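# Fold and geometry: a report
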Amino acid sequence: MNSRVLGISLLFFGICLFAGLALFNYTVIVEAFGDGPPYYNRTTNMDKWTNPLPMLAIVDIVFALVCVLVNRFSWKNWKG
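The present account deals with the structure reproduced in this document. (Residues numbered from 1 in each chain as written. Predicted model: local features only at pLDDT ≥ 70, side-chain atom pairs only at ≥ 80, totals over all residues. Heavy atoms only, no water.)

For the rest of this paragraph, the subject is the overall build of the protein chain. From N to C terminus, the protein chain includes 2 helices and 0 strands. Here the protein chain holds 80 residues, and the buried ones make up 19% of them. The long-range share in the protein chain, meaning contacts at least 24 apart out of those at least 6 apart in sequence, stands at 75%. (Helix = DSSP H or I, 4+ residues; strand = E, 2+ residues; numbered from the N terminus. Buried < 20%, exposed > 50% of the residue type's maximum accessible area, 1.4 Å probe, protein only. Contact = heavy atoms within 4.5 Å.)

See the structure below:
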């Protein structure tokens, strides 16, 4: 396989991974802090609510490192 093709495909994979992570973050934040059941009025079911931001930060850090490694490897293969 040509190293340039491998580099371009890995770069595309890294961009897709980043876009998937952004969509995941958006979905989790809207579900946790958005209007509507079960969190409407921010008082109903408050005993069951947990803040998703600490776990989301851990997931973001891990996926950011993976994206950096994939994109760095793709750049090395793309440039030859």
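Before going further, it helps to examine the environment of Leu 69. Note on placement: Leu 69 falls in helix H2 (residues 53-79). For the pair formed by Leu 69 and Gly 14, sequence separation is 55 residues and the distance between their alpha carbons is 8.9 Å.

This part takes up the side chain of Ser 74. Tracing the backbone through its elements, the reader meets Ser 74 in helix H2. The exposure class assigned to Ser 74 is buried, which follows from its relative accessible area of 1%. In terms of polar contacts, Ser 74 uses its side chain to reach the backbone carbonyl oxygen of Asn 71, at 2.8 Å. (Polar contact = N/O pair within 3.5 Å; in protein donor to acceptor, adjacent residues only side chain to side chain.)

Turning to a nonpolar patch on the surface, a few remarks are in order. The grouping of Met 55, Ile 58, Val 62, Phe 63 and Val 66 at the surface amounts to a nonpolar patch, some 440 Å² of accessible area in total. Within the secondary structure layout, Phe 63 lies in helix H2. Residue Phe 63 is classed as partly exposed on the basis of its relative accessible area of 33%. (Patch = residues over 30% accessible without salt bridge, like charges linked within 9 Å, V, L, I, M, F, W, Y side chains within 5 Å. Areas by Shrake-Rupley, 256 points an atom, 1.4 Å probe, with all protein chains shown as cover. Salt bridge = Lys/Arg side-chain N within 4 Å of Asp/Glu carboxyl O.)

This part covers helix H1 (residues 3-33). Taking 1.5 Å per residue as the helical rise, H1 with its 31 residues ought to reach 45 Å, and the 45 Å between its terminal C-alpha atoms agrees with that figure. Those residues of H1 not exposed but buried are Gly 7, Leu 10, Gly 14, Leu 17, Leu 21, Asn 25, Val 28 and Ala 32. (Expected span 1.5 Å × (residues − 1).)

Looking at the secondary structure, you find Asn 71 in helix H2. In this structure the C-alpha to C-alpha distance between Asn 71 and Phe 13, which are 58 residues apart in sequence, comes to 8.5 Å. Once you skip the residues sitting within four places of it in the chain, Asn 71 turns out to touch Leu 10, Leu 11 and Gly 14.

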